[in-house]
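Overview (structure and organization)
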Amino acid sequence: MKRVLIIGAGFLQDFVICKAKEMGYETHAVDADPNAIGFKHADHYAVVNIVDEKACLEYAKANNIDGVLTAATDYGVLTAAYIAKEMGLPGLKYEVAQLIKNKYEVRKCLYENHVDDTEQAYEVHEDTNIEELARKIVYPVMVKPCDGSGSRGASRVDRAEDLKEACEYAIAGSITNRAEIETFITGREYGAESLVINGEVHVLGVMQKWMTKPPYYAELGHSIPSDLKTEVEEKVKKCVTNAIKALGVNFGSVNMDMLITEDGKVYIIDIGARMGGNMIGPCIIPYGTGVDYMAAMIQNAVGDSVDLNKEDKCAVATRLLAFDGGIVKILPNMEEVEKQFDVEIYHHLEEGMKVNEYHTNLDGCGYIVAKAETLKEAVYKAEAALDYFKRVIFEE
Ligand SMILES: Nc1ncnc2c1ncn2[C@@H]1O[C@H](COP(=O)(O)OP(=O)(O)O)[C@@H](O)[C@H]1O
Ligand SMILES: [Mg+2]
């Protein structure tokens, strides 16, 4: 029985833990939160901060693991790469993991390799002369933490006089105190999920993304198949593959966000060298493409042969449980809601819980997943269920 270590044991990593267990692997998990849900399902676990590379390595060595992976969080990527390197296991090269975690370095690499059309990008930190930079920039720009996630700290700037505040806001949201400034792209947002096996890139799926209205830039849902014209989707796949090669990603999952303009230009805006969040692994890719994505990811991590065979697929639409905020008064019977709207619900709502107005991914309370023959039908079901939640749960 091979032993697999999952870095992180939260809500989204728990799906990976359960999958690995179901596949017959011995599962190990680490997380700083002693109440992490994944600990309930892992065969073995330890309360360890996932950014603490040395402590996680110690656990991995003591348990003689055969494979290591993380999912749906950027914080575990370096640690997984570190353990793989130190123990000679399949993994992402450590230098690549270091490069990937800085959005500015990623952007520079893509630009130098002519992977997409973005031109302007600057890195700023506390000592940068922002007044001087503000004069030479072409507006509008997007300012975001170099190492952000879930859209925290990101804002659009249209005028030189507003740059400083946006930079301070983004730097405050960065653990390395660095922000990136790049051209603001007006387009529709898409995501791509890929798996690199033995250095070969497999683009598993291209999804359309539903986002909040400015000034917030948070995800509201996904759908697959994308509504892109075949030639644009092919271009996306080529850009994704070229980006993965240019960055030197040699192993594992890659989750990418991109903006596509009306005239079909593709701009890559965000790359994570790990499985995407928001139910991409457990639902969107397997239901929407027929590939058992998490199984393939786990097989890849322990060095077993990887099965990318396709079973049946359908159209899938998801919606985040994203609300205007309030106290949860009524929690409906979820099984009944699932039946009534023909959807799946994954949530962490609780009666009496305070819900924030949805500004970043962290404000989400879970997911609605709808499957159907057509995209339109799937979107309809997911939205009908979301409307129901919005109407019912905050009522007196
Ligand atoms: N250059 C840009 N132009 C327009 N919108 C952008 C740009 N960069 C980021 N965004 C918006 O902000 C969101 C968050 O940015 P992203 O780089 O994906 O950060 P995070 O790591 O927080 O997900 C994106 O999903 C997108 O909607
Ligand atoms: Mg993103």
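The model shown is predicted, which means the values in this text are computed figures rather than measured ones.

**Notes on a nonpolar patch on the surface**
A surface patch of nonpolar side chains, amounting to about 300 Å² of accessible area, comprises Val-51, Tyr-75 and Ile-175. Within the element layout of this structure, Val-51 appears in the loop between strand S3 (44-47) and helix H2 (53-62). Exposure remark for Val-51: the relative accessible area of 47% places this residue in the partly exposed category.

**Comments concerning the pairing of strand S11 (residues 219-224)**
Here S11 lies mainly inside the structure; five of its six residues are buried. Sheet topology places S11 next to strand S14 (residues 315-320); two bridges connect them, and they run antiparallel. Bridge pairing in S14 places Ile-224 opposite Val-316.

**Section: the coordination of the magnesium ion (ligand 2)**
Only Asp-257 (OD) and Asp-270 (OD) from the protein coordinate the magnesium ion (ligand 2), and they sit 2.1 to 2.2 Å from it. Pair noted here: Asp-257 is in strand S12 (residues 252-260) and Asp-270 is in strand S13 (residues 266-272), with a separation of 13 residues, a long-range link. Residue Asp-270 is classed as partly exposed on the basis of its relative accessible area, which comes to 25%.

**Some words on the environment of Ile-100**
Along the chain, Ile-100 turns up in helix H4 (residues 94-100). Taking relative accessible area as the criterion, Ile-100 reaches 8% and is therefore assigned buried. A C-alpha to C-alpha distance of 9.1 Å links Ile-100 and Val-77, two positions 23 residues apart in sequence. What Ile-100 contacts, discounting residues up to four positions off in sequence, is Val-106, Leu-247, Val-249, Ile-271, Gly-272 and Ala-273.

**Notes on helix H9 (residues 280-289)**
The element H9 is extensively covered by neighbouring structure, given that ten of its ten residues are classed as buried. Burial in H9 covers these residues: Ile-280, Gly-281, Pro-282, Cys-283, Ile-284, Ile-285, Pro-286, Tyr-287, Gly-288 and Thr-289. Once H9 ends, the next one or two residues include Gly-290, with phi positive near 85 degrees.

**Some details on the sheet that holds strand S1 (residues 3-7)**
Overall, parallel pairing links the four strands, which are arranged S3-S2-S1-S4 in an open sheet. With partners counted over all chains shown, the strands left at the sheet margins are S3 and strand S4 (67-70), one partner each. Strand-to-strand twist across the sheet, computed as the mean angle between neighbouring axes with direction ignored, equals 20 degrees. Where S1 meets S4, four bridges bridge the pair, whose relative direction is parallel. Bridging from a neighbouring strand, Ile-6 pairs with Leu-69 of S4. Sheet strands touched by helix H3 (residues 77-87): S1 and S4. Its angle to S4, the strand with the most contacts, is close to 170 degrees.

**As for the site of ligand 1**
Close to ligand 1 lie 18 residues, the nearest being Lys-103, Lys-144, Ser-151, Glu-182 and Glu-189. Between Lys-144 and ligand 1, the recorded distance is 2.7 Å, taken from a side-chain N or O atom to an oxygen atom. Between Gly-148 and ligand 1, the recorded distance is 3.1 Å, taken from a backbone N or O atom to an oxygen atom. Burial of ligand 1 by the surrounding chains reaches 94%, relative to a free accessible area of 540 Å². Counting residues per element, the ones that place at least two in the shell around ligand 1 are strand S6 (141-145), strand S8 (179-183), S12 and S13. Split by domain, the shell around ligand 1 shows at least three residues from each of two domains, domain 2 (93-111 + 186-313) and domain 3 (119-183).

**Describing the domain arrangement of the chain**
When its domains are assigned, the chain resolves into domain 1 (3-89), domain 2 (93-111 + 186-313), domain 3 (119-183) and domain 4 (314-396). Placing the centre of domain 1 and that of domain 2 at their C-alpha centroids yields a distance of 22 Å. The interface is formed by 24 residues belonging to domain 1 together with 23 residues belonging to domain 2. Together domain 1 and domain 2 conceal approximately 1900 Å² of surface at their shared face, both sides included; 75% is due to carbon and sulfur atoms.

Cut-off values and rules
Residues numbered from 1 in each chain as written. Chains lettered and ligands numbered in written order. Predicted model: local features only at pLDDT ≥ 70, side-chain atom pairs only at ≥ 80, totals over all residues. Heavy atoms only, no water. Patch = residues over 30% accessible without salt bridge, like charges linked within 9 Å, V, L, I, M, F, W, Y side chains within 5 Å. Areas by Shrake-Rupley, 256 points an atom, 1.4 Å probe, with all protein chains shown as cover. Salt bridge = Lys/Arg side-chain N within 4 Å of Asp/Glu carboxyl O. Helix = DSSP H or I, 4+ residues; strand = E, 2+ residues; numbered from the N terminus. Buried < 20%, exposed > 50% of the residue type's maximum accessible area, 1.4 Å probe, protein only. Pairing = 2+ DSSP bridges. Donors = N, O, S within 2.8 Å, 3.2 Å for Na, K, Ca; no water. Contact = heavy atoms within 4.5 Å. Axes fitted to C-alpha atoms, helices over the stretch in contact; angles between N-to-C directions. Near = heavy atom within 4 Å. Polar contact = N/O pair within 3.5 Å; in protein donor to acceptor, adjacent residues only side chain to side chain. Domains from an automatic or database assignment. Buried area = accessible area lost by both parts, 1.4 Å probe.

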